[in-house]
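Understanding the architecture of this molecule
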Amino acid sequence: MKGQGRGLQAYALLYLLFLYAPIILLPLFAFNSGTIIAFPLQGFTTNWFAQMWANATLRTALTNSLTIAVSASILATCLGVFAARASTRFEFPGKGGMMGFILLPMVLPEIIVAMSLLVVLLGAGVQLSILTVILGHVLICMPYAIAILSTAFSSLDKSLEEAAYDLGETKWSAFRLVTLPLVMPGIVSSLLISFTISLDEFIIAFFLAGNQPTLPTYIFSQLRFPKQIPMIMALGTVLVALSILLLALGEYFRRRGNARMGGNPTGGFL
Amino acid sequence: MAKGLDAQAKQGYALIAPPFLYALVILAAPLLTILTYSFLTDGYLEVVRDFTVSNYVQVWTDPIVRTVMLRSLMVSALVTLVTVLLAFPVAYYVSFLVRPERKSLWLFLITIPFWTSYLIRVFLWKVILGYNGVINSSLTGLGIIDEPLTFILYNVNSIVITLAHAYAPFAILPIFVALEKIDRALLEAGRDLGESRAMTFWRVTLPLAMPGVLAAVLIVFIPTIGDYVTPELIGGGKIPMIANLIQVQMLALDNRPLGSALAVTAMAIVALVSVVFLLINRRFLKVRS
């Protein structure tokens, strides 16, 4: 047993190294003074970060991306709350099919979603803008929001709500005063995950943004110019740090939610 | 009783209506539109409303489309195989050998790279695998090789490695969930009945983990076939996959009916492959019930 465990552990650690290889390289090149992305490294510099800070197009892209990500995460989470509550609390004919359809974008190739939406929008004469990107992002964030929120709603004790009804609360006030605070950690977690997905989404933004840059489309446009790559590495470092921070926050809220429900906060069985 | 059920169903429908309607308008309507377009005729700068199957005839007889479609299927199948094979031991390790209180930390560590910029990750694989890349320059520097390794350069192999990296968590998580559900007493029973450890794994653990493995296969296979970024960045646009072809037809050549026929064909092939795959493996799904 011990020998088998060692071997598997060594493999798992190697696998983690494989997963983290690109992320480990990112800051190395971001602080490297050489203009070519290759080893050996030259000297230490923070010029690329300064260059990034001074870039006006990048700022527009950042503003656009933040606008899109904030709107998409709020909308996706609101719609997700409806779906998660419907699927965990009520039984009705066709529920499986309807939920499956809503969750479909999770497995559908994004190029199909982006292309079909683009064809319809162009056909309807809609001007492509940040707004059309938000439409697409809400669609692809919604399944992830639902997955997180369903966990939060399903671990909810139904008798708490019934107690609130018995004490004279209406449906809405019971939801606001009892259910909502209990699932709040799930909602925060869903907002953070949706925000992260939207901020990083490329395909839909690439096709539906018209001539408006977002962070990923800006990065994509710059990757073909070798001169710009060190700056993109600096940008990537900032983005990775930000994603890890957001995810750690999301994970923190998810666990606090579990703990509040009386579940095992360490993530064991049950 | 029946009335109670009705009231509950009504509430359920009222709640699910907003997200369902959203998905209908933003997903189903566009999908139906490209299905319709695929049977229409391409005119100059517009789509002519003449019913035709010529788009499909063109798609199915064009040798370039066939090459690209076969390449996409092969790359996706290879990526799926590599990803699931590499992921299974990790999922097994986390589920069976990591202490319960450390499991969520492992899962968190496994998912973090997935949330970092996809484009930059893909680009960095190009840096790692490239001609003057990390692997080639360190191996040359150490004197292990004289010439850069060419089998990882901007080709199908590098696409497979990059995609196997990108979809790793999609494979690990479903397998992990299936392994977690296995009643550990069954494994002890297998051992008590005189099976070796390897045979217990082969006859008890693996069949019970199959639903997770099948889910992992589909979750990796379906999106990778539509991947646009990796062939564009790693392959330098020289080894297009089906997504790149769809994009070229739809936008660069502005032939929406043909592009739609391509998209519909690709989706139909993916659906068909998935269904056949599930049918072949249906006996593993019955184990659950």
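Residues numbered from 1 in each chain as written. Chains lettered and ligands numbered in written order. Predicted model: local features only at pLDDT ≥ 70, side-chain atom pairs only at ≥ 80, totals over all residues.

**Description of the overall build of chain A**
As a reminder, the rule being used: By the criteria applied, helices consist of DSSP H or I runs no shorter than four residues and strands consist of E runs no shorter than two, each listed in order from the N terminus. Three classes are used. A residue is buried when 20 or more other C-beta atoms lie within 10 Å of its own, exposed when 12 or fewer do, and partly exposed in between, with C-beta atoms placed from the backbone. Contact between residues is assigned whenever the C-beta positions, reconstructed from backbone atoms, fall within 7 Å.
Looking only at helices and strands, one finds 11 helices and 0 strands in chain A. When the helices and strands of chain A are placed in sequence order, the string is α-α-α-α-α-α-α-α-α-α-α. Burial analysis of chain A (270 residues in total) assigns 44% to the buried set. By sequence separation, contacts in chain A at least 24 residues apart represent 76% of the contacts at least 6 residues apart.

**Describing the packing of helix α7 (residues 158-166) of chain A against helix α8 (residues 171-200) of chain A**
Residue and element names in this part refer to chain A. Threshold: To get an axis, fit a line to the C-alpha atoms, keeping to the stretch in contact for a helix; angles then go from 0 to 180 degrees between the N-to-C directions. By definition in this entry, angles of less than 35 degrees are roughly parallel, angles greater than 145 are roughly antiparallel, angles of 65 to 115 are roughly perpendicular, and the rest are oblique. What makes a crossing left-handed is the near helix being turned counterclockwise from the far one by less than a right angle; a clockwise turn instead makes it right-handed. Ten residue types, Ala, Val, Leu, Ile, Met, Phe, Trp, Tyr, Cys and Pro, are classed as nonpolar, four, Asp, Glu, Lys and Arg, as charged, and the remainder, Gly among them, as polar.
Packing of α7 against α8 leaves a shortest axis separation of 10 Å and a crossing angle of 140 degrees. What the angle tells us is that α7 and α8 run oblique. Between α7 and α8 lies a crossing of right-handed hand. Residue-level contacts link L160, E161, A164 and Y165 of α7 to A174, L177, V178 and T179 of α8. Its residues placed into classes, the contact of α7 with α8 shows 6 nonpolar, 1 polar and 1 charged.

**Here's the deal with the interface of chain A and chain B**
Taken residue by residue, the interface counts 66 residues in chain A and 68 residues in chain B. Looking at the side of chain A that touches chain B, the elements with two or more residues in it are α1 (2-30), α3 (56-89), α4 (95-103), α5 (110-123), α6 (130-154), α8, α10 (215-222) and α11 (229-260) of chain A. Take the side of chain A that touches chain B: its biggest share by element is 15 residues, from α1(A). When the residues that make up the side of chain A that touches chain B are grouped by side-chain class, the tally is 51 nonpolar, 9 polar and 6 charged.

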